[in-house]
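Coordinate analysis (summary)
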Amino acid sequence: MMTGFPDIGTSKFTAGSSSDSCIKDCPLGTTSSKNKAHNKSIWSTLFSSTFTAFNAYKESSGEKSKGYKVRNDGWSTTVRKALTCNPMKRFQERILGFNKPGISSYTSEIWLLGVCYKISPEGQTSDTNKSDGYIAFLQDFSSRIRMTYRKGFEAIGDSKFTSDVNWGCMLRSSQMLVAQALLFHHLGRSWRRPIEKPFNGEYIKILHHFGDSRSSAFSIHNLLEAGKVYGLVPGSWLGPYAMCRAWESLAFTKRELDDLEEENISLPMAMYIVSGDEHGERGGAPVVCIDDAARLCSEFLNGQGTWAPLLLLVPLVLGLDKVNPRYIPSLCATFTFPQSLGILGGKPGASTYIVGVQDEQAIYLDPHEVQPVVDISCNNPDADPSSYHCSVVRQMHLNMLDPSIAIGFYCRDKDDFEDFCVRSADLANQSNGAPLYTVSQASSSSRRAHKDNLMDSLDNVDGFAVDDHNVKMDSTSNGDDWQLL
């Protein structure tokens, strides 16, 4: 029986928050700085004139409407509120060009889930003749599955919630990450979404798994039910660690119910939540234990094989109020792994799904858009999946992240997992003493058991006394010995 674990760290993904106040839209291809400055100057002058007119009217009019009391700065306050509300912010960002970083012209590299794209710097291509790298990147990005807030679905459990607006962003972000794992598993990393119908049946089946009803395997209904033991309830916020454990519980439940035939398995891969000692209850850096991964794969196959596809989720807390800058290079490097599934994370109060990086700018898919429920039937190849994709590229600097995040990886087979371990070991060695996680051959419990057995054996040798505090394992020996890679 699975037991609850406390969520490590304090996440700020709170209910009732909106990403509109802290998220910028960055369509590929931006206007020139000269045009931006011109637009900003024109509109700033217009807004300034508007304020002046309002204030002049206010000062010249000494009358007050009957039964209606106006504050001295009522008009200007009202207009300022209008100009700083969320729709106006989006208007400024998208139309006027305010605070629109776009795709950086200082580098020609973007890493998107293990694939590198060379983007020509600004000025070397025109809007009508964009580089092949630009087009290929956009095709790849727009093929990633995006989950957003939905409204109008059946009530969740015994609650009255028929929408997850303002509280379900972490749930949606996690759905996106798992959906990418299923895309990679069934259709491969090179798959791109077709424009015309009929669509690939496996692709439609994946979308069906994330529908908004209990009949869909990975709906928020089922996620919340599976995560009750970790404190998940409709309308409440949760952190990445609790979210990962909820997925672990749901995967275990579905595995018990699903048919053993491959085509009937909703999640055809073992799931490994990477944490520190005692399932993270004692803190410490997460450790990928090779023996644990092998055991999980064997259990997933019910002894009918030795290695299964593996989904790894690594929950992390990388600072107090924001990510410690020393971790940022390592976070960027994880996107160069061919096993990369991106990151669950975002600004405080707004979880997103980060799929790539350019310099230290995170490229992400945003769940904070309210859409009506769409019924994607797995038997309907003519279904409209357009609401599950987005071609608008959004960016934010990695130093703006909430420090509570989770990194995902997908390993197709044993060779792929071994390659992941080698890359992870190299990354830890290059981290200047601040690794995101480490790799070990055996789990901490196995190491303790081996140490106890060693001491028991030495105690049986005549005239040999063992000091438990001074026994050291030799990392170069054989057997069950261990070494942090």
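Given the structure is predicted, the values throughout are model-derived calculations rather than measurements. (Residues numbered from 1 in each chain as written. Predicted model: local features only at pLDDT ≥ 70, side-chain atom pairs only at ≥ 80, totals over all residues. Heavy atoms only, no water.)

Thoughts on the overall build of the protein chain
What counts is decided by this rule: Only DSSP runs of H or I covering at least 4 residues are called helices, and only runs of E covering at least 2 are called strands; the numbering of each starts at the N terminus. Each residue's exposure class comes from its accessible area (1.4 Å probe, protein chains only) as a fraction of the maximum for that residue type: buried when under 20%, exposed when over 50%, partly exposed otherwise. Here, residues are in contact when the closest pair of their heavy atoms is within 4.5 Å. Note that accessible areas follow from Shrake-Rupley with a 1.4 Å probe, and for residues the cover is restricted to the protein chains shown.
Within the protein chain one finds twelve helices and 13 strands. With 485 residues in all, the protein chain has 47% of them scored as buried. Within the protein chain, residue pairs in contact and separated by at least 24 positions form 73% of the contacts whose partners lie at least 6 positions apart. Total accessible area on the protein chain is roughly 23600 Å²; 50% of this is exposed by carbon and sulfur atoms.

Re the environment of E202
If you trace the backbone, E202 turns up in helix α6 (residues 201–209). For E202, a relative accessible area of 24% corresponds to the partly exposed category. Spatially, the C-alpha atom of E202 lies 7.1 Å from that of H186, the residues being 16 residues apart in sequence. Residues contacting E202, with those up to four places away along its chain left out, are H186 and L187.

Regarding helix α11 (residues 414–429)
For clarity, the threshold we go by: By this rule, a helix spans an expected 1.5 Å times one less than how many residues it contains. It is the directions from the helix axis to the C-beta atoms whose arc is reported.
Over its 16 residues, α11 runs 23 Å from end to end, which matches the ideal 22 Å to within 8%, given 1.5 Å per residue. For α11, the complete set of buried residues consists of F417, F420, C421, S424, A425, L427 and A428. In an axial view of α11, the angular spread of the buried residues amounts to 160°, which keeps them on one side of the axis. Opposite its buried face, α11 presents the exposed residues D415 and N429, each directed more than 90 degrees away. On its buried face, α11 is in contact with β5 (287–289), α9 (290–300), β6 (310–317), α10 (328–334), β12 (404–411) and β13 (438–440).

Quick notes on the pattern of salt bridges
Worth spelling out the cut-off: Any Lys or Arg side-chain nitrogen located within 4 Å of an Asp or Glu carboxyl oxygen qualifies as a salt bridge.
What the rule picks out here adds up to 13 salt bridges. Put simply, D292 and R295 hold a salt bridge, and the shortest N to O gap is 3.9 Å. Of the two residues, D292 and R295 both sit in helix α9, three residues apart, roughly one turn of that helix. Judged by its relative accessible area of 17%, D292 is buried.

Some thoughts on the environment of H186
With respect to the element layout, H186 can be found in helix α5 (residues 169–187). With residues up to four places along the chain from it excluded, the contact list for H186 reads E202, I206 and P268.

Here's the deal with the packing of aromatic side chains
Two measures describe an aromatic ring pair: the distance that separates the ring centres and the angle between the ring planes. Cut-off, in case you're wondering: Stacked, tilted and edge-to-face are the three classes assigned to paired rings of Phe, Tyr and Trp, where Trp is represented by its six-membered ring and a pair needs centres within 6.5 Å; plane angles under 30 degrees give stacked, over 60 edge-to-face, the rest tilted. Two limits define a charge over a ring: the Lys NZ or Arg CZ must be within 6 Å of the ring centre, and within 35 degrees of the ring normal.
Counted by the stated rule, this structure contains 14 aromatic pairs. A ring pair is formed by Y117 and F137, whose centres lie 6.0 Å apart and whose planes are at 70°; its orientation type is edge-to-face. Within this pair, whereas Y117 is found in strand β2 (residues 115–118), its partner F137 is found in helix α4 (residues 132–143), the two being separated by 20 residues in sequence. Accessibility classification places Y117 together with F137 in one group, the buried group. Each residue in the set W307, F337, F409, F417, F420 and Y437 is aromatic and connected to the rest through ring pairs, giving one cluster. Positioned above the aromatic ring of Y388 is the side chain of R150, whose terminal nitrogen or guanidinium carbon lies 4.7 Å from the ring centre.

Here we look at the nonpolar core
Which entries qualify depends on this criterion: Take the buried Ala, Val, Leu, Ile, Met, Phe, Trp, Tyr and Cys residues and link them wherever side-chain atoms come within 4.5 Å; each set so joined is a nonpolar core.
Ranked by internal contacts, the top residues of the largest apolar core, which has 66 residues, are F137, L171, F210, L232, M243, W247 and L311. Per-element tally for this core: the top contributor is α5, with eleven residues. Those residues in contact with W247 that lie beyond four places of it in its chain are S174, Q175, V178, F210, F218, L223 and M271. Counting 45 residues, the second largest nonpolar core, distinct from the first, contains Y272, L296, V323 and L427.

Considerations on the pairing of β12
Counting buried residues along β12, eight of its eight residues qualify, which places the element largely inside the surrounding structure. Of the two faces of β12, the one lined by S404, A406, G408 and Y410 and the one lined by I405, I407, F409 and C411 are each fully buried.

Digging into the packing of α5 against α6
Using the following cut-off: Angles here are taken between N-to-C directions and fall from 0 to 180 degrees, while the axes themselves are lines fitted to C-alpha atoms, restricted in helices to the stretch in contact. Orientation labels follow simple angle bins: below 35 degrees gives roughly parallel, above 145 gives roughly antiparallel, 65 to 115 gives roughly perpendicular, and whatever is left gives oblique. Crossing handedness is read from the near helix: turned anticlockwise from the far helix by less than a right angle, it gives a left-handed crossing, and turned clockwise, a right-handed one. Here the term charged refers only to Asp, Glu, Lys and Arg, the term nonpolar to Ala, Val, Leu, Ile, Met, Phe, Trp, Tyr, Cys and Pro, and the term polar to all other amino acids, Gly among them.
Put simply, α5 and α6 touch, their axes get as near as 10 Å, and they point 160° apart. As summarised for this structure, α5 and α6 are arranged roughly antiparallel, according to the angle between their axes. Once α5 is placed against α6, the crossing between them reads as right-handed. Here α5 contributes A179, L182, L183, H186 and L187 to the contact with α6, which in turn contributes E202, Y203 and I206. Class assignment for the residues of the contact of α5 with α6 results in six nonpolar, one polar and one charged.

Section: the confidence of the model for the protein chain
Applicable threshold: Every residue carries a pLDDT, the predictor's confidence in it, which falls somewhere between 0 and 100.
Residues with a pLDDT of 70 or more make up 63% of the protein chain, whose mean pLDDT is 75. A low-confidence stretch, residues 86–101 (pLDDT under 50), is modelled with 37 contacts involving residues beyond four sequence positions or located in other chains. Below pLDDT 50 for its whole length, residues 447–455 participates in 15 contacts with residues either more than four positions away or in separate chains.

Side note on the side chain of R172
Our working definition: Polar contacts, as counted here, are pairs of nitrogen or oxygen atoms within 3.5 Å of one another; within protein the pair requires one atom able to donate a hydrogen and one able to accept it, and residues that are adjacent in sequence qualify only if both atoms are side-chain atoms.
Mapped onto the elements of the fold, R172 is located in helix α5. Exposure remark for R172: the relative accessible area of 2% places this residue in the buried category. At 2.8 Å, the side chain of R172 forms a polar contact with the side chain of D164. Non-local contacts of R172, meaning those with residues more than four positions away in its chain, are made with M147, T148, Y149, R150, F153, D164, D212, I220 and P367.

Topic: the packing of α5 against helix α8 (residues 240–257)
α8 packs onto α5 with a crossing angle of 55° between their chain directions and a minimal axis gap of 11 Å. Classified by the interaxial angle, the pair formed by α5 and α8 is oblique. Seen from above, α5 lies across α8 with right-handed handedness. Contacts between α5 and α8 involve M170, L171, S174, Q175 and V178 from the former and P240, M243 and W247 from the latter. Counted by class, the contact of α5 with α8 contains six nonpolar, two polar and no charged residues.

Regarding the pairing of strand β8 (residues 350–358)
Selection rule: Pairing between two strands is assigned when DSSP locates at least 2 bridges connecting them.
With nine of nine residues buried, β8 lies mostly within the body of the structure. Relative to strand β9 (residues 361–365), β8 runs antiparallel, the two sharing five bridges. Of the residues in β9, the one forming a bridge with G356 is I363. Hairpin connection from β8 to β9: two residues lie between these consecutive antiparallel strands, with D359 at a positive phi of about 55°.

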